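A look at the structure
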Amino acid sequence: GFLPFVIDFTETVHPGAVNHLVIKANNELSESTLPCGTVKDLQNGRRIATPYFDFFNYAGIHRSVFLVTKPKECIIDFDTNYELKGSDAEVRYKIITSQDSSRVVVTLLDAQGYQVQQAEGKENTLSVEQVHLWRVRKAYLYNLKIQIQNENEIVDEYEAKIGIRTIRIDGTKILVNEEPVYLKGFGKHEDFDLLGRAFNYSVAKRDFECMKWTNANCFRTSHYPYAEEWYSFADEEGFLIIDEVPAVGMMRSTRNFAKAGQGGFTAFFQTDTVPQLLKKHCHQVEEMIQRDKNHPSVFAFSLFNEPETTSKEAHDYFAKVFEHARSLDPQKRPLTGALEKNSAPELCQVYMLCDFICLNRYYGWYISGGAEIADAEIKFRDEMDRWAEKRLNVPFIFTEFGTDTLTGQHNLPGIMWSEEYQQEYYDMNFAVFDSYDFVQGELTWNFADFATSEGVMRVNGNKKGVFTRERQPKTSAYVLKKRWETK
Ligand code: CKX
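The notes below deal with the structure included here. As the structure is a computational prediction, the values presented were derived from the model and not from experiment. (Residues numbered from 1 in each chain as written. Predicted model: local features only at pLDDT ≥ 70, side-chain atom pairs only at ≥ 80, totals over all residues. Heavy atoms only, no water.)

**Details of the pairing of strand E1 (residues 37–41)**
Heads up, the rule is: In this scheme, strands are said to pair when DSSP sees at least two bridges between them. Secondary structure is summarised from DSSP: a helix means a run of H or I of at least four residues, a strand means a run of E of at least two, and numbering begins at the N terminus for each.
Here E1 runs beside strand E2 (residues 47–51); their pairing, made up of five bridges, is antiparallel. Residue aspartate 41 lies in a different strand from E2, and its bridge partner there is arginine 47. From the end of E1 to the start of E2, which pair antiparallel, there are five residues, and glycine 45 there has a positive phi angle of about 95°.

**Focus: helix H5 (residues 312–326)**
For the record, the criterion: How far a helix is expected to stretch is found by multiplying one less than its residue total by 1.5 Å. Here's how the labels work: a residue is buried when its accessible area is under 20% of the maximum for its type, exposed when over 50%, partly exposed in between, all with a 1.4 Å probe on protein chains only. Arc definition: directions from the helix axis to the C-beta atoms. In what follows, a contact means two residues having at least one pair of non-hydrogen atoms within 4.5 Å.
The first and last C-alpha atoms of H5 sit 21 Å apart over 15 residues, in line with the 21 Å expected at 1.5 Å per residue. Those residues of H5 not exposed but buried are Ala314, Tyr317, Phe318, Val321, Phe322 and Ala325. Down the axis of H5, the buried set is contained in an arc of 130°. They therefore lie on one face. Away from its buried face, by an angle of more than 90 degrees, H5 presents the exposed residues Lys312 and Glu323. Looking at the buried side of H5, the elements it contacts are helix H4 (274–292), strand E16 (298–305) and strand E17 (335–339).

**Let's talk about the site of the ligand**
We apply this condition: Residue proximity to a molecule or strand is established when one non-hydrogen atom of the residue lies within 4 Å of it. In protein, a polar contact requires one atom able to donate a hydrogen and another able to accept it; more generally it is a pair of N or O atoms within 3.5 Å, and residues adjacent in sequence count only if both atoms are side-chain atoms. Note on areas: Shrake-Rupley with a 1.4 Å probe; residue coverage comes only from the protein chains shown. Basically, the charged four are Asp, Glu, Lys and Arg, the nonpolar ten are Ala, Val, Leu, Ile, Met, Phe, Trp, Tyr, Cys and Pro, and anything else, Gly included, counts as polar.
Around the ligand lies a shell of 14 residues, among which Asp54, Glu306, Tyr366, Glu400 and Lys464 are the nearest. Glutamate 306 places a polar side-chain atom, nitrogen or oxygen, 2.7 Å from a nitrogen atom of the ligand. Contact between the ligand and asparagine 462: an oxygen atom at 2.9 Å from a side-chain N or O atom of the residue. Contact with the protein chains hides 96% of the accessible area of the ligand, taken as 360 Å² for the molecule alone. For the shell around the ligand, the per-class residue count stands at six nonpolar, three polar and five charged.

**Considerations on the sheet that holds strand E3 (residues 75–85)**
Counted only if it meets this: Axis angles are defined between N-to-C directions and span 0 to 180 degrees, where every axis is a line fitted to C-alpha atoms and, for a helix, only to the segment in contact.
A sheet is described by the order of its strands in space; here three strands give the open sequence E3-E4-E7, paired in antiparallel fashion. Each end of this open sheet is capped by a strand with a single partner; those strands are E3 and strand E7 (123–128). Mean inter-strand twist for the sheet, computed between neighbouring axes without regard to direction, equals 20°. Bridge analysis of strand E4 (residues 88–97) against E7 gives six bridges, and the strand direction is antiparallel. Looking at the pairing, valine 91 lines up with leucine 126 of E7.

**What to know about helix H1 (residues 201–213)**
Its 13 residues place the ends of H1 18 Å apart at the C-alpha level, agreeing with the 18 Å of an ideal helix rising 1.5 Å per residue. Within H1, burial applies to Val203, Ala204, Asp207, Phe208, Cys210 and Met211. Buried residues of H1, viewed axially, fall in a sector of 160°; they line one side. Turned more than 90 degrees from where H1 packs its buried face, Tyr201 and Ser202 sit exposed. Here the buried face of H1 lies against strand E13 (183–187), strand E14 (218–220) and helix H2 (228–237). Where H1 terminates, the next one or two residues include asparagine 215, which has phi positive at roughly 70°.

**Examining the state of the cysteines**
Worth spelling out the cut-off: The disulfide criterion used throughout: a pair of cysteine sulfur atoms within 2.5 Å.
Taken as a whole, this structure holds zero disulfides when the rule is applied. Of all cysteine sulfurs in the structure, the one in cysteine 218 sits closest to cysteine 210, which takes part in no disulfide; the separation is 17 Å. Of all cysteine sulfurs, the one in cysteine 358 lies closest to cysteine 354, which takes part in no disulfide; the gap is 7.1 Å. Judged by relative accessible area, which is 8%, cysteine 354 ranks as buried.

**A closer look at the pattern of salt bridges**
Quick reminder of the rule: For this document, the term salt bridge refers to a Lys or Arg side-chain nitrogen within 4 Å of an Asp or Glu carboxyl oxygen.
Evaluation of the coordinates by the stated rule reveals 36 salt bridges. One salt bridge connects glutamate 190 with arginine 63, and the closest N-O pair in it is separated by 3.2 Å. Of the two residues, glutamate 190 sits in the loop between E13 and H1 while arginine 63 sits in the loop between E2 and E3, which places them 127 residues apart along the sequence. Residue arginine 63 is classed as partly exposed on the basis of its relative accessible area, which comes to 24%. The network of salt bridges with shared partners includes Asp54, Asp404, Arg458 and Lys464.

**Section: the nonpolar core**
Heads up, the condition is: Put simply, buried Ala, Val, Leu, Ile, Met, Phe, Trp, Tyr and Cys residues joined by side-chain atoms within 4.5 Å make one nonpolar core.
With 91 residues, the main nonpolar core has Phe186, Met250, Leu303, Phe304, Tyr317, Phe318 and Met384 as its most contacted residues. For leucine 303, the residues in contact, after removing those within four places along its chain, are Val245, Ala247, His281, Val285, Met288, Phe318, Val321, Phe322, Ala325, Leu335, Thr336 and Gly337. Counting residues in hydrophobic clusters, the runner-up holds 23 residues, among them Ile95, Leu108, Ala119 and Ile146.

**Some thoughts on the packing of aromatic side chains**
Applicable threshold: Aromatic rings from Phe, Tyr and Trp, with only the six-membered ring used for Trp, were paired whenever their centres fell within 6.5 Å, and each pair was classed as stacked if the ring planes differed by under 30 degrees, edge-to-face if by over 60, and tilted otherwise. A ring has a charge above it when a Lys NZ or an Arg CZ is no more than 6 Å from the ring centre and no more than 35 degrees off the ring normal.
With the rule as written, the count across this model stands at 44 aromatic pairs. With 6.0 Å between their ring centres and 10° between their planes, phenylalanine 299 and phenylalanine 356 make a pair best called stacked. Of this pair, phenylalanine 299 sits in strand E16 while phenylalanine 356 sits in the loop between E17 and strand E18 (357–360), and the two are 57 residues apart along the sequence. What makes phenylalanine 299 buried here is its relative accessible area of 0%. Through pairs of rings, three or more aromatic residues link up here, namely Phe2, Phe53, Phe55, Phe199, Tyr201, Phe208, Phe219, Tyr224, Tyr226, Trp230, Phe233 and Phe239. Just above the ring of tyrosine 224 sits the side chain of arginine 197; from NZ or CZ to the centre is 4.7 Å. Geometry around tyrosine 182 places lysine 487 over its ring, the cationic atom sitting 4.5 Å from the centre.

The quantities given are spatial measurements derived from coordinates; they are silent on function.
Take a look at the structure:
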């Protein structure tokens, strides 16, 4: 439900007549849908969704729908890969077309529209002298023009913006263009008042401006691939994206966020619907990588959020997902997934599949919150020491940490839900992060308050936003802005 699909109605359509295209959308959840959940039949006959995840399960169509006509011989797909050679670069491309007969011409244009290089064939290399690299928060985009030509006629043409950059993990460092980057930013949602999950340019623009104001450089598309416009925006703005597949709710509980810290185990990967789920999971990973592989902003793919990971069955399940994902990305970007508290260093059977480790941790909120924050810090440091002992020599990123905070709620001393407590919590977390040199990034939970299912733990949604749902800063936004100015 979070990735595009195409329906060919060439055979069905009646040219010249009024045609109706009817789309039926279904948001029912089960343990073999992604995301996971279940449905509940009420006594009045109404059926409702009960998600195993903490965001509102919207219904309907939220994204652009295009009516497209294509010539018989057409461009189907392309991908690129980059190698830096001093101040020059090589762009290797591969084009897939529907037929084999005609000439494929590929032109690289710079940001001003001047031709940089041209090559022929479905697979070739373009050499770029004095390359303008796509850099974090300082993007440069080239235009790649692909044409199928027959004699001198253009049969099909496709243009895409590309950014030339490399990504690599080296020990505990994340390297973009061979330079280390510390990730600063947010886990987000596609969510806004009245619009729900529908893509809206004004909201996206505001979000990017807010993120830039805080000095952020990265966000995670928690917990599903977003509308494509988000990625193009990030390409332009030089943001890094951890692109996440909608594998969330892989723990049989409607309140995972509460269960997660308490050692709850629901034998999720030991049921007979798992093969169906695995098939869908792999398929969605495939569709996500296929859709997003050419965006320079996408620097890693996240293959799950907070599943159960402590059984052998979980390991075997995810080993297959990772293996499949590794075979798909032409740029061989790092693969990861977000691990919650149960995935402790001694228990987790999945972290070893990840190229860098993403932790969602809530010491000082779900664990020892409020007046117990000093204990929270001790427990947090204890867990980090246990990770350190493993000497994994990979980067660790915090992909979630935060407190529910009611904007305008002020209390001295800070108590849970107050703006003061959110700051105190962040300060404690930052002190812990800064004590471990393998911590190479911090993405707070969440960029903005967002809608969830109703319940006793949620006051009209999740309030862990650094910004309100209307995109105005809470006090902690200033704390992040200051820290990230120099971090
Ligand atoms: N992580 C202990 C997944 C997010 C939730 C977040 C929360 C949980 C925390 C798990 O989707 O919103 O409870 O705020």
